[in-house]
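Each chain, written out:
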Amino acid sequence: MSASGETPQLYAAREPIFPRRVSGRFRNLKWVIMAVTLGIYYLTPWIRWDRGPNLPDQAVLVDLANRRFFFFMIEIWPHEFYFIAGLLIMAGLGLFLFTSALGRVWCGYTCPQTVWTDLFILVERWIEGDRNARVRLWRAKWDFRKWRLRITKFIVWILIAVATGGAWVFYFADAPTLLVDLFTLNAHPVAYTTVAILTATTFVFGGLMREQVCIYMCPWPRIQAAMMDEETITVGYREWRGEPRGKHRKADGAEELGDCIDCMACVNVCPMGIDIRDGQQLECITCALCIDACDDVMERIGKPRGLIDYLSLADEEAERAGALPRPIWKHVLRPRTILYTTLWSLVGVGLIVALFLRQEIDMTVSPVRNPTFVMLSDGTIRNIYDVRLRNKHGEAREFRMSLTSDEVMRIQLEGTDRLVITVPPDSTTLQRVYVSARPGSPAATGASTDLRLWVEDLASTDRAYRDTNFTGRGTQ
C-alpha cells in the first residue's frame, strides 16, 4: 500500500505502439535476417535426404516414435542426448558471448519474437498504412472501413500463425505425408492440438502483445545486465553532442543548442516505444532502427551521422572529454569475451570429436544376479547376461557373439544354437546370453573371473566389446 492509500500496480496496461517505417543499413540487415530465418524455419522440413529404404527421407526430423533425431547425415539416439545438451550449452555460451560484446543483438535481430513481430508489423503497415494512418485508424470510430481493415489484418495474421504452427509439427513427422493427413483430417489429434496452440501463441505474441513479451515474459532483459559492462558495444545516444536539444535553429541562442532537434524520429520508429535519449533501458532490444532514423535526419539538416550509434559507455565518456573512440576490436577482444569464446570452442570441438569417435556398434551388457549363478546337474557353473544390441543401419545386420577370458568358458545364446544375433534395421534387440565354466575349473570354484564379451558386425567386420565378471562358487 502506497502513502496515498493506493495499491501499486505491478503490471501496466499496454499502450499501443505504432512504429514508423524507416530505411537504412540496419533496417535492411533486419529484412535480410528475417527472410533467412523464416526461410530456414518454414522450408527445412521439406528438405529430402536419402537414407535407404527403411529410414525416413527427411533431412531434419525429430522421430519421437522411435526416439531418434536426424540431421542430414547425422543420427542421434536417446543414449546420445549429450550431443543435444552440448548444443544447448553452446547456444547459451554464444548468447553470453554476443551479449557481452555487442549487447542484445540476439533480441534485436534473430529472436523469434522479434522476427515474427516484425513480420506482423509489416502486414499491419501494408494493410492499414504507416504510423500516422494507423494512429488515426486507432482513434477513429468503428465504421465499415475500420472493421474491414482490422478483419483483413487479422485474417493475414492468422494465416501466418497457422503456417508457423504447421511448420513446427512437420519437424516431428514426414512433412509431405503429414500435410496430406492434416488436410484430409487423418492426422493424430496431437498434431491438430499443437498447431492450434502455436497458432494462438503466435497470433497473440506477435500481433497483440508484442513488446510486452520482451518486457514482462522474457527473463533475458534482467539477465543481460550481468553480461554487459562499460566496454560492451550497444545502441546509445551521444548526449554530449546532442544536448541541449531544440527545434528552433534560427531563434536567439540557437548556436548553443546541440545537434538533436527533438524531432522524435528515434522514438517514432522504436518497436518498444522508448526514447533512447533517456539512456540505457531494460526495454531496449538494440534493433538499431533509431540509428537509421537519426542518421537520416542528421543528413537532411547537414549534421554528422552518429548522434545515435553503436558505442560503448566507456567511449561515450572518452568522447565527452575530447578523446577519440577506441577501435571496435578492442572492445570485442577482452578477457570476458575471450573466455566465452574459448569455452564455446572447447564444447564445439568436444562434440565434433565425440561425433566422429562414437562406435558404430552400440552394445550394453547387464549381468543377471538373481541368482548370481546357476549350478547345472553335472556341476557346471552358469552365469546369465542380458546383452542389448542396437543396429544403427537401414538394413538388418547379423552380429556374432564371442568371449575372451584367462579361463576356458563356453558361450551360448538363448533360443538358438548359433552365436549370431540378427537385429532388424534401426532397432534394438535384447539377447539373453549364457556363459558356462566346467566343473572344478578356477572360474567355477573362484569368486570372480574377468570376462570380455565381443560382438562383430558380419557386414562391416566392426567389433565392439564390454568387460564384465563371471561369478563362481567362491562367493558362497
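## Comments concerning the sheet that holds strand E1 (residues 60-63)
- With antiparallel pairing, the three strands of this open sheet are ordered in space as E1-E2-E3. Strands at the two margins of the open sheet, each flanked by one partner only, are E1 and strand E3 (74-76). If you compare each strand with its neighbour and ignore which way they point, the axes differ by 10° on average.
- Pairing geometry for strand E2 (residues 68-71) and E3, over three bridges, is antiparallel. In the strand pairing of E3, Phe 69 is matched with Ile 76.

## Thoughts on the packing of aromatic side chains
- Scanning all chains against the criterion turns up 20 aromatic pairs.
- Aromatic side chains Tyr 41 and Trp 116 sit 5.4 Å apart centroid to centroid with 90° between the ring planes, which places their arrangement in the edge-to-face category. With Tyr 41 in helix H1 (residues 25-43) and Trp 116 in helix H4 (residues 112-128), the pair connects residues that are 75 residues apart, well separated along the chain. Of the two residues, Tyr 41 and Trp 116, neither departs from the other in class, the shared state being buried.
- Ring geometry for Trp 49 against Phe 72: centres 5.5 Å apart, planes inclined by 90°, an arrangement best described as edge-to-face.

## Concerning the pattern of salt bridges
- All told, the structure shown has 34 salt bridges when counted by the stated rule.
- Salt-bridge contacts for Arg 125 lead to Asp 130; the nearest nitrogen and oxygen are separated by 3.6 Å.
- According to the relative accessible area criterion, Arg 125 is buried, its value standing at 16%.
- When its relative accessible area of 30% is taken as the criterion, Asp 130 is described as partly exposed.

## Side note on helix H7 (residues 175-183)
- When we look at burial in H7, the residues that qualify are Ala 175, Leu 178 and Leu 182. Axial view of H7: buried residues confined to an arc of 65°, hence all on one face.
- In the core, the buried residues of H7 are packed alongside helix H6 (144-169) and helix H8 (189-209).
- In the stretch just after H7, Leu 185 is the one whose phi turns positive, near 60°.

## Examining the side chain of Asp 315
- Following the sequence through the fold, Asp 315 ends up in helix H14 (residues 313-320).
- In this structure, Asp 315 is buried with no salt-bridge partner, the nearest side chain bearing the opposite charge being Arg 326 at 4.5 Å.
- Beyond its immediate chain neighbours, meaning those up to four positions away, Asp 315 contacts Pro 325, Arg 326 and His 331.

## Section: the nonpolar core
- Of all hydrophobic cores here, the largest spans 37 residues; its most connected members are Val 235, Met 272, Ile 276, Cys 290, Ile 291 and Ile 308.
- Of all elements in the fold, only H1, helix H3 (105-110), helix H9 (211-217), helix H10 (220-227), strand E4 (234-237), helix H12 (265-268) and helix H13 (289-300) reach the threshold of two or more residues within this core.
- Here this core takes seven residues from H13, the largest share from any one element.
- If we skip the residues at most four places from it in the chain, Ile 276 touches Val 235, Tyr 237, Cys 266, Gln 281, Cys 284, Cys 290 and Ile 308.

## Quick word on H8
- Counted at 1.5 Å a residue, the expected span for H8 with its 21 residues is 30 Å, and the 28 Å between its end C-alpha atoms agrees.
- Of all the positions in H8, only Ala 191, Val 195, Thr 199, Thr 202, Phe 203, Gly 206 and Gly 207 are classed as buried. Projected down its long axis, H8 shows its buried positions confined to an angular sector of 100°, all on one face. In H8, the exposed positions that point more than 90 degrees away from the buried face belong to Pro 189 and Val 190.
- Against the buried residues of H8 lie H4, H6 and H7.

## Description of a nonpolar patch on the surface
- A surface patch of nonpolar side chains, about 560 Å² in accessible area, is lined by Trp 142, Trp 147, Ile 151, Ile 155 and Leu 159.
- Relative to the helices and strands, Ile 155 resides in helix H6.

## Quick look at the sheet that holds strand E9 (residues 397-404)
- Read across the sheet, four strands follow the order E11-E9-E13-E14 without closing on themselves; strand pairing throughout is antiparallel. Strands at the two margins of the open sheet, each flanked by one partner only, are strand E11 (420-423) and strand E14 (463-471). For this sheet the average axis-to-axis angle between neighbouring strands, irrespective of direction, equals 30°.
- Where E9 meets E11, four bridges bridge the pair, whose relative direction is antiparallel. The residue bridging Phe 399 from the neighbouring strand is Ile 421, located in E11.

What counts and what doesn't
- Residues numbered from 1 in each chain as written.
- Predicted model: local features only at pLDDT ≥ 70, side-chain atom pairs only at ≥ 80, totals over all residues.
- Heavy atoms only, no water.
- Pairing = 2+ DSSP bridges.
- Helix = DSSP H or I, 4+ residues; strand = E, 2+ residues; numbered from the N terminus.
- Axes fitted to C-alpha atoms, helices over the stretch in contact; angles between N-to-C directions.
- Phe/Tyr/Trp six-rings, centres within 6.5 Å; stacked < 30°, edge-to-face > 60°.
- Buried < 20%, exposed > 50% of the residue type's maximum accessible area, 1.4 Å probe, protein only.
- Salt bridge = Lys/Arg side-chain N within 4 Å of Asp/Glu carboxyl O.
- Arc of directions from axis to C-beta.
- Contact = heavy atoms within 4.5 Å.
- Lys, Arg positive; Asp, Glu negative; His and termini not counted.
- Core = buried A, V, L, I, M, F, W, Y, C linked by side-chain atoms within 4.5 Å.
- Expected span 1.5 Å × (residues − 1).
- Patch = residues over 30% accessible without salt bridge, like charges linked within 9 Å, V, L, I, M, F, W, Y side chains within 5 Å.
- Areas by Shrake-Rupley, 256 points an atom, 1.4 Å probe, with all protein chains shown as cover.

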